[in-house]
Amino acid sequence: MASYWILVAMVLVFSTADAGGATAEKGVTYDGRSLIIDGQRKLLFSGSIHYPRSTPEMWPDLIKKTKEGGIDVIQTYVFWNLHEPKLGQYDFSGRNDLVKFIKEIRSQGLYVCLRIGPFIEAEWNYGGLPFWLRDVPGMVYRTDNESFKFHMQRFTSKIVDLMKSEGLYASQGGPIILSQIENEYGNVEGSFREKGASYAYVKWAAQMAVGLQTGVPWIMCKQPDAPDPVINTCNGMRCGETFPGPNSPNKPKMWTEDWTSFYQAYGAKPYIRSAEDIAFHAALFVAKNGSYINYYMYHGGTNFGRTSSSYFITGYYDQAPLDEYGLLRQPKYGHLKELHAAIKSSANPLLHGKPTVLSLGLMQQAYIFEDENSGCVAFLVNNDETKAIQIQFRNNTYSLLRKSIGILEDCKTLVYETAKVNVAKNVRVTTPVKMFNVPDKWEMFRESMPTFSDTTLKTNALLEHTNLTKDRSDYLWYTSRFESSSPCTNPSLYIESLGHVVHVFINNAQAGSGHGSRNITVVKLQVPVSLINGQNNISILSGMVGLPDSGAYMEKKSYGLTKVQISCDGANAIDLSGSQWGYLVGLLGGKGRLHQRKNLKSVKWSTNDAAPIKNHPLAWYKTMFDEPKGDGPVGLNMGSMGKGEVWVNGESIGRYWVSFLTPSGHPSQSIYHIPREFLKPFGNMLVVFEEEGGDPLGISLDTISVIGSNQAQSQLS
């Protein structure tokens, strides 16, 4: 077995065809310094772009801007639940066209790191796992479980075979230089350590992946015990400080996720990471022998449809160097572009020189790479966060700002400083170009409240939400009946739910709503209700805002109602949890697919003449509009609405939840991206499902643009 692993690690396959673009005709290997492509060590900067979070029409421009930013590699996950939504039924069309995405990268001369997973996390619904996997008998995710391993290997092999069939691995002359198996397994590994199940799984995953013979190295991120020849890599914001390095001196030091910002959940404070901080830690990682840095994300994009995981907003990593719309975010884009140029100008000594470290003070160091043939480069580090400092190095004096790294080309000339930003900030501007404020232009369809008698599935228990919905809908109706035969003063209904949202209706009238958050996993709601003598209909809508993307034993997690009680004057609680309950999956409009033109006549739509159209819960709205002039990005301002989902010409642009405010009192996201590719010049159909009750007359169509610098002024000039 040992000789097998050594053989695989030293794969050197010659190309049989010229695939064009960034190719590695002699395959990819590695040593303790870096990846080796076409027989040469490489210092690589990479940027994450996820193909389904943008559109095929956007890909060329995104990749072009990424390359112009000094990036060498595009890194992407592979999204299992998109590609195999049903067992054995595959989808590689449209935004799911992985092959087209990789070929576009190749055509622009960049490499690819393909993170197959197939568990990916990524703030993506269910971490990329298809929900049908949960119903496989005996299934336990991500451990030494035969059912899981069978399907994981089957899908991984499917992707590898697809890449091979298109000649996309570097060993075939293609652009794929790295593949990843699993994802941040170290975060949950401790939960599976009983009887050695976790390491048995890690070892199996590594052997399975390498055995697929891609001819390129495999990596495992946040996996210190990654078996040879798989390379263990770092994820985080400060891997130059936190990463102890690869688990073998023969493996290169790699950073697969340098977070350029952070994901945002509804109601949470947004995290803004400065260009200076990103540059400092990237430079420090290189100074400490790192040779591969991937920015996660370089372009985040949009969680279209229902693809975001629990409580995450629709826009993804909007603070990345390329924002959600693909516009440059300055100074982050330009400052990092200059960093890449400064480091690459000294690639030879970095990859071939002898590294040494000198102490220049209590909080100052010099990292030097030097030899006679390749030259010299030095990184002067000032870790002092409180003050600038003068540093003496090789008979020269250098001034460094606080918390900064200066890069000395030829160990003499200061060509870049991480805390010195020469790129002007730009500002993103939204300009309303159409207001949807004419009542007569809107039509509305209101959901009816199902009662117990409307249901066919009935039990004497509260059933788990996703066991019934199978994640085909966010919504599940729980219905019951309550006989009020004696006086009850100040009646109230108490609910506990492991779902994300609950809406309570008594006798077709809304009684109240409640929701959790990323930090509040149990929704507890007590609302006053009005009861009539005799039979009362209880209809409770349970809603999800995505499934979790991580954690151990995801297949065992439960959602939905767990307790329902009625009390009078706050006492004498009557527990209805064990009463008869009836269930309906989804909403009428969802099941009728009212977001598609062909289904509009299946229900009766009302106009403003019949009733005011605003402030109705569980209401569907539709109207028409023309495409704005120009070719710049377009967004829909949903600031007047509450919570729901939006479709344009049948394409979902995602969930919205503008009523869930951040601690500063602002919506987590108000503007929702409409890719130009979703639009026609005239007669575009907008469909909105509003869950809470909002005002569609306040919706506007906006164009998105940037004012200010769009180009970096180089410190190297």
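Read on for an overview of the structure. (Residues numbered from 1 in each chain as written. Predicted model: local features only at pLDDT ≥ 70, side-chain atom pairs only at ≥ 80, totals over all residues. Heavy atoms only, no water.)

Counting secondary structure elements, the chain contains twelve helices and 38 strands. A globule of 717 residues ought to have a C-alpha radius of gyration of about 27 Å, and the chain, at 28 Å, matches this closely. Along the three orthogonal principal directions, the C-alpha set of the chain runs to about 95 × 60 × 55 Å. Intrachain contacts of the chain at a sequence separation of at least 6 include 73% that bridge at least 24 residues. With the model as given, the accessible surface of the chain reaches about 27500 Å², and the carbon-plus-sulfur share is 51%. Across the chain, the mean location of the 69 positive side-chain charges is 1 Å away from that of the 67 negative side-chain charges. (Helix = DSSP H or I, 4+ residues; strand = E, 2+ residues; numbered from the N terminus. Rg over C-alpha atoms; globule rule 2.2 N^0.38 Å. Contact = heavy atoms within 4.5 Å. Areas by Shrake-Rupley, 256 points an atom, 1.4 Å probe, with all protein chains shown as cover. Lys, Arg positive; Asp, Glu negative; His and termini not counted. Charge placed at Lys NZ, Arg CZ, Asp CG, Glu CD.)

Scanning all chains against the criterion turns up three disulfides. Across the disulfide from C234 sits C239; the S-S distance is 2.0 Å. Looking along the S-S bond of the C234-C239 disulfide, the torsion reads about -80°, which is the left-handed sense. Neither C234 nor C239 differs from the other in exposure class; each is buried. C376 shares a disulfide with C411; S-S distance 1.8 Å. Looking down the S-S bond of the C376 and C411 bridge, the torsion is -70°, so its handedness is left-handed. Taken together, the residues C376 in strand 14 (residues 375–382) and C411 in the loop between strand 17 (404–409) and strand 18 (413–417) connect sequence positions 35 residues apart. For the residue pair C376 and C411, the accessibility class agrees, reading buried in each case. Taken N- to C-terminal, the disulfide-bonded cysteines of the chain are connected 1-2, 3-4, 5-6. (Disulfide = S-S within 2.5 Å. Buried < 20%, exposed > 50% of the residue type's maximum accessible area, 1.4 Å probe, protein only.)

Quick look at the packing of aromatic side chains now. The description of an aromatic ring pair rests on the distance of the ring centres and on the angle between the ring planes. Inspection of the entire model under this criterion finds 40 aromatic pairs. Considering the side-chain rings of F262 and Y263, the 4.3 Å spacing of their centres and the 25° angle between planes classify their relative orientation as stacked. Residue classification places F262 among the partly exposed positions, given a relative accessible area of 27%. Exposure remark for Y263: the relative accessible area of 24% places this residue in the partly exposed category. Plain terms: the ring middles of F262 and Y271 are 6.3 Å apart, the flat faces sit at 65° to each other, and that makes the pair edge-to-face. For Y271, a relative accessible area of 34% puts it in the partly exposed group. Counting every residue linked through ring pairs, the aromatic cluster contains Y126, F131, Y141, F148, Y185, F192, Y201, W204 and Y553. A cation sits over an aromatic face here: R142 above F119, 3.6 Å from the ring centre. Against the face of W657 rests K643, its NZ or CZ located 5.2 Å from the ring centre. (Phe/Tyr/Trp six-rings, centres within 6.5 Å; stacked < 30°, edge-to-face > 60°. Lys NZ or Arg CZ within 6 Å of the ring centre and 35° of its normal.)

Attention shifts here to the side chain of S261. Tracing the backbone through its elements, the reader meets S261 in the loop between strand 10 (253–259) and helix 8 (275–287). Here Y271 takes part through its backbone oxygen, which lies 3.0 Å from a polar atom of the side chain of S261. (Polar contact = N/O pair within 3.5 Å; in protein donor to acceptor, adjacent residues only side chain to side chain.)

Its 13 residues give helix 8 an end-to-end C-alpha distance of 18 Å, which sits within 8% of 18 Å, the value for a rise of 1.5 Å per residue. Burial analysis of helix 8 places twelve of its 13 residues in the buried class, the great majority of the element. The complete set of buried residues in helix 8 reads A275, D277, I278, A279, F280, H281, A282, A283, L284, F285, V286 and A287. Positive phi shows up at N289, right after helix 8, with a value of about 85°. (Expected span 1.5 Å × (residues − 1).)

A word on the sheet that holds strand 3 (residues 40–42). Pairing is antiparallel across the open sheet formed by three strands, whose spatial order is 1-2-3. Of all strands in the sheet, those with a lone pairing partner are strand 1 (28–30) and strand 3, marking the two edges. Neighbour to neighbour, the strand axes of the sheet diverge by 40° on average, direction disregarded. Judged from the three bridges that link them, strand 1 and strand 2 (residues 35–37) form a sheet pairing that is antiparallel. From the neighbouring strand, Y30 faces strand 2, where its bridge partner is L35. (Pairing = 2+ DSSP bridges. Axes fitted to C-alpha atoms, helices over the stretch in contact; angles between N-to-C directions.)

In a regular helix each residue adds 1.5 Å, so 14 residues correspond to 20 Å; helix 6 (residues 197–210) covers 20 Å between its end C-alpha atoms and thus fits that length. Most of helix 6 is tucked away, with ten of its 14 residues classed as buried. Listed in full, the buried residues belonging to helix 6 are A197, S198, Y201, V202, W204, A205, A206, M208, A209 and V210.

Before going further, it helps to examine the nonpolar core. Core analysis: the biggest nonpolar cluster contains 125 residues, and L114, M163, I177, Y295, L339 and F379 have the highest contact counts within it. Residue contributions to this core peak at nine residues, all from helix 8. When sequence neighbours within four positions are dropped, the list of residues in contact with M163 reads L98, V99, I102, L114, L168, Y169, Q172 and I176. (Core = buried A, V, L, I, M, F, W, Y, C linked by side-chain atoms within 4.5 Å.)

Attention now moves to unusual backbone geometry. Following D228, the chain continues to P229 via a peptide bond in cis, the omega torsion being 5°. Along the chain, P229 falls in the loop between strand 8 (218–221) and strand 9 (231–236). Note that the residue after Y296, namely M297, is joined by a cis bond; omega there is 0°. With respect to the secondary-structure elements, M297 resides in strand 11 (residues 290–299). A positive phi angle, near 45°, is found at K403, a position not held by glycine. Checked against the element boundaries, K403 lands in the loop between strand 16 (396–400) and strand 17. One non-glycine residue, N508, lies in the positive phi region at around 70°. One can find N508 in the loop between strand 24 (501–506) and strand 25 (509–515).

Shape is all these values report; function is a separate question.
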